[in-house]
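Secondary and tertiary structure notes
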Amino acid sequence: APAGTTLARELDLVAGVDVRSTGSPLAPAWISIRGSTLQQTRVLLNGVPLHGALDTTFDISVLPVELLQNAVVWRGYTPLHAGPPSAGGVLDLQ
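Please read all numbers here as calculations on a predicted model, not as lab measurements.

Points about the side chain of Thr41
- Tracing the backbone through its elements, the reader meets Thr41 in strand E3 (residues 41–45).
- For Thr41, a relative accessible area of 3% gives the class buried.
- In this structure the side chain of Thr41 is engaged in a polar contact, spanning 3.4 Å, whose partner is the backbone oxygen of Thr37.
- Those residues in contact with Thr41 that sit more than four places away from it in its chain are Ile31, Ser32, Ile33, Ser36, Thr56, Ser86 and Gly89.

Description of the side chain of Thr57
- Tracing the chain through its elements places Thr57 in the loop between strand E4 (48–49) and strand E5 (71–75).
- With residues up to four places along the chain from it excluded, the contact list for Thr57 reads Trp30, Leu38, Gln39 and His51.

A short note on the nonpolar core
- If you look at the biggest cluster of nonpolar residues, it comprises 17 residues, and the most contacted ones within it are Leu7, Leu11, Ile31 and Ile60.
- Of all the secondary-structure elements, those providing two or more residues to this core are helix H1 (7–11), strand E1 (17–21), strand E2 (29–33) and strand E6 (89–93).
- Setting aside chain neighbours within four positions, we find Ile31 in contact with Leu11, Val17, Asp18, Val19, Leu38, Thr41, Val43, Ile60 and Leu91.

Remarks on unusual backbone geometry
- Here the phi dihedral of Arg34 falls at roughly 55 degrees; this positive angle occurs in a residue that is not glycine.
- Mapped onto the secondary structure, Arg34 falls in the loop between E2 and E3.
- A residue is classified by how much of its surface remains accessible, and Arg34, at 56% relative accessible area, is exposed.
- Phi at Asn46 is positive, roughly 55 degrees, even though this residue is not glycine.
- Its place among the elements puts Asn46 in the loop between E3 and E4.
- Residue classification places Asn46 among the exposed residues on the basis of a relative accessible area of 55%.

Conventions adopted
Residues numbered from 1 in each chain as written. Predicted model: local features only at pLDDT ≥ 70, side-chain atom pairs only at ≥ 80, totals over all residues. Heavy atoms only, no water. Helix = DSSP H or I, 4+ residues; strand = E, 2+ residues; numbered from the N terminus. Buried < 20%, exposed > 50% of the residue type's maximum accessible area, 1.4 Å probe, protein only. Polar contact = N/O pair within 3.5 Å; in protein donor to acceptor, adjacent residues only side chain to side chain. Contact = heavy atoms within 4.5 Å. Core = buried A, V, L, I, M, F, W, Y, C linked by side-chain atoms within 4.5 Å.

The structure is reproduced here in structure tokens:
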């Protein structure tokens, strides 16, 4: 990724992915896929869910984009290895 970019900026370029933020580049940011709610979109890191047991959203701004090599977006139906079905989709960061 180019210097100065963020994961939120990179994901905002992906078709079907909506990045929601409170404003500044350092502000918390969440994603939804294909018009789903934040709670209907699962975020994984190498297949491991990044959300808590009670909160199903994850602030993607806490992950440095420099440490990631790839991001896979599944819209709608997801493969079995991505866990239980998610209405919106799954973002698997690698």
